[in-house]
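Here are the chains, one letter per residue:
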Amino acid sequence: MKTLNQFYTLSNGVKLPKIGFGTWQVANGDEAYQSVLLALKNGYRHIDTAEGYGNEESVAKAILDSKIPRSEIFVTSKLESHIKTYEGALAAFEKTMSLLKFDYLDLFLIHAPWPWSEMGKDCKEGNIQAWKAMEKLYKDGRIRAIGVSNFSPDDIENLLNHCEITPHVNQIGYFIGIDQKATIDYCEKKNIFIEAYSPLGIGYLLSNPDIIKVAEKYNVSPAQICIRYCLQKGTAPLPKSTHEKRIIENTQVDFEIKKVDMDFLDTIKGDPRRWD
Ligand code: A2P
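These numbers come from a predicted model, not from an experiment.

## Side note on the overall build of the chain
Counting secondary structure elements, the chain contains ten helices and ten strands. Taking 2.2 N^0.38 as the reference for a compact globule, 276 residues should give roughly 19 Å; the C-alpha atoms of the chain span a radius of gyration of 18 Å, in line with that estimate. Along the first, second and third principal axes, the C-alpha set of the chain runs to 55 × 40 × 35 Å. With 276 residues in all, the chain has 56% of them scored as buried. For the chain, the proportion of contacts with a sequence separation of at least 24, taken over those separated by at least 6, is 73%. Carbon together with sulfur atoms contributes 51% to the accessible area of the chain, which is approximately 12100 Å² in total. Mean positive and mean negative side-chain charge positions of the chain (34 and 37 charges, respectively) differ by 4 Å.

In structure tokens:
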């Protein structure tokens, strides 16, 4: 079976399609609508959006217009990073649902442990409040799975010490060059599934000579090596593209990178993202 049609199973039994389609920095309107429609046409069944991306409405319209049954598509959205109150989180979820116009959401994540404008700020109490709202929505059957994004082991430990439900997912920036070892080891121990955003390093990894070398060896593209790498690490990559050729290419990952080459890719170090 093609990887695109395979699933991971979360700790609560919910099935998550192995490859997701990312929509960060995809503008609301035609760009988001067309790219999600193209992704669905080409077999993706896992779409990742967020309140903070501002494109939920167009993403939802594409899902509706695709005529694919809602139950066959796994949809994730995320609570905006600055919302750190119980009531605020509940209200934000209702806003998301009014934009998406769905009866339920598959996965809802706290987008970050701090507001993006105040990265690193101590929001421990706020995260507890937001997480309690997520737990309520989950127990009420509004969401099939709940999780966090960009959370460190300390941030998660804070939730576990004060809340009932262990997050089902932690979505983190994960790609060749940044091993995220502490977070991945911790999440593995707690049975928290790792989703990998920016699996191509926002595109920067595609010109890396070492990755190109491995890609040539397997007769695939650098993007396919980056996505396959995340899969072989047991994570769910969420590649994003607005071009159909690339949207398709990013699903053609039914090959195996040999251990010797995975080990070589592990020696690549560094985070090429602009904000670092
Ligand atoms: P575009 O949307 O113009 O196709 P990431 O998923 O790590 O955030 O990376 C996304 C970036 O990589 C975007 O700039 C996207 O550009 C580019 N991209 C996505 N898939 C491919 C591909 N197969 N080949 C080349 N560039 C790609």
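## Quick word on the packing of aromatic side chains
Going through the model one piece at a time under the given rule, you end up with six aromatic pairs. Judged by centre distance (4.7 Å) and plane angle (45 degrees), the ring pair of tyrosine 8 and phenylalanine 193 falls under tilted. Taken as a pair, tyrosine 8 in strand 1 (residues 7–9) and phenylalanine 193 in strand 9 (residues 193–197) lie far apart in primary sequence, 185 residues in all. Relative to tyrosine 44, the ring of phenylalanine 21 has its centre 5.2 Å away and its plane inclined at 70 degrees; by these criteria the two rings are edge-to-face.

## Examining the site of the ligand
Close to the ligand lie 16 residues; Leu200, Ile202, Ser241, Arg246 and Asn250 are nearest. The separation between an oxygen atom of the ligand and a polar main-chain atom of leucine 200 is 2.8 Å. One of the backbone N or O atoms of lysine 240 is found 3.1 Å from an oxygen atom in the ligand. Surface burial for the ligand is 83%, taken as the share of its 570 Å² of free accessible area covered by protein chains. Residue composition of the shell around the ligand, by class: six nonpolar, seven polar and three charged.

## Details of the side chain of asparagine 150
Tracing the backbone through its elements, the reader meets asparagine 150 in the loop between strand 7 (143–149) and helix 5 (153–162). On the basis of relative accessible area, asparagine 150 is assigned to the buried category, the value being 16%. A distance of 2.5 Å separates the side chain of asparagine 150 from the side chain of tyrosine 197, its partner in a polar contact.

## Focus on the side chain of asparagine 208
Inspection of the secondary structure puts asparagine 208 in the loop between strand 9 and helix 7 (209–218). The class for asparagine 208 is buried, based on a relative accessible area of 17%.

## Description of unusual backbone geometry
Its identity as a non-glycine residue notwithstanding, lysine 67 has a phi of 65 degrees, on the positive side. In this fold, lysine 67 is placed in the loop between helix 2 (56–65) and strand 5 (74–79). Phi is positive for asparagine 191, close to 60 degrees, though the residue is something other than glycine. Examined against the element boundaries, asparagine 191 turns out to sit in the loop between helix 6 (181–189) and strand 9.

## Concerning the environment of threonine 76
Mapping threonine 76 onto the fold places it in strand 5. Each C-alpha atom of the pair threonine 76 and glycine 20 lies 9.5 Å from the other, and the pair is 56 residues apart in sequence. Excluding residues within four positions of it along the chain, threonine 76 makes contact with His46, Ile47, Asp48, Thr49, Leu107 and Leu109.

Calculation criteria
- Residues numbered from 1 in each chain as written.
- Predicted model: local features only at pLDDT ≥ 70, side-chain atom pairs only at ≥ 80, totals over all residues.
- Heavy atoms only, no water.
- Helix = DSSP H or I, 4+ residues; strand = E, 2+ residues; numbered from the N terminus.
- Rg over C-alpha atoms; globule rule 2.2 N^0.38 Å.
- Buried < 20%, exposed > 50% of the residue type's maximum accessible area, 1.4 Å probe, protein only.
- Contact = heavy atoms within 4.5 Å.
- Areas by Shrake-Rupley, 256 points an atom, 1.4 Å probe, with all protein chains shown as cover.
- Lys, Arg positive; Asp, Glu negative; His and termini not counted.
- Charge placed at Lys NZ, Arg CZ, Asp CG, Glu CD.
- Phe/Tyr/Trp six-rings, centres within 6.5 Å; stacked < 30°, edge-to-face > 60°.
- Near = heavy atom within 4 Å.
- Polar contact = N/O pair within 3.5 Å; in protein donor to acceptor, adjacent residues only side chain to side chain.
- Nonpolar A, V, L, I, M, F, W, Y, C, P; charged D, E, K, R; others polar.

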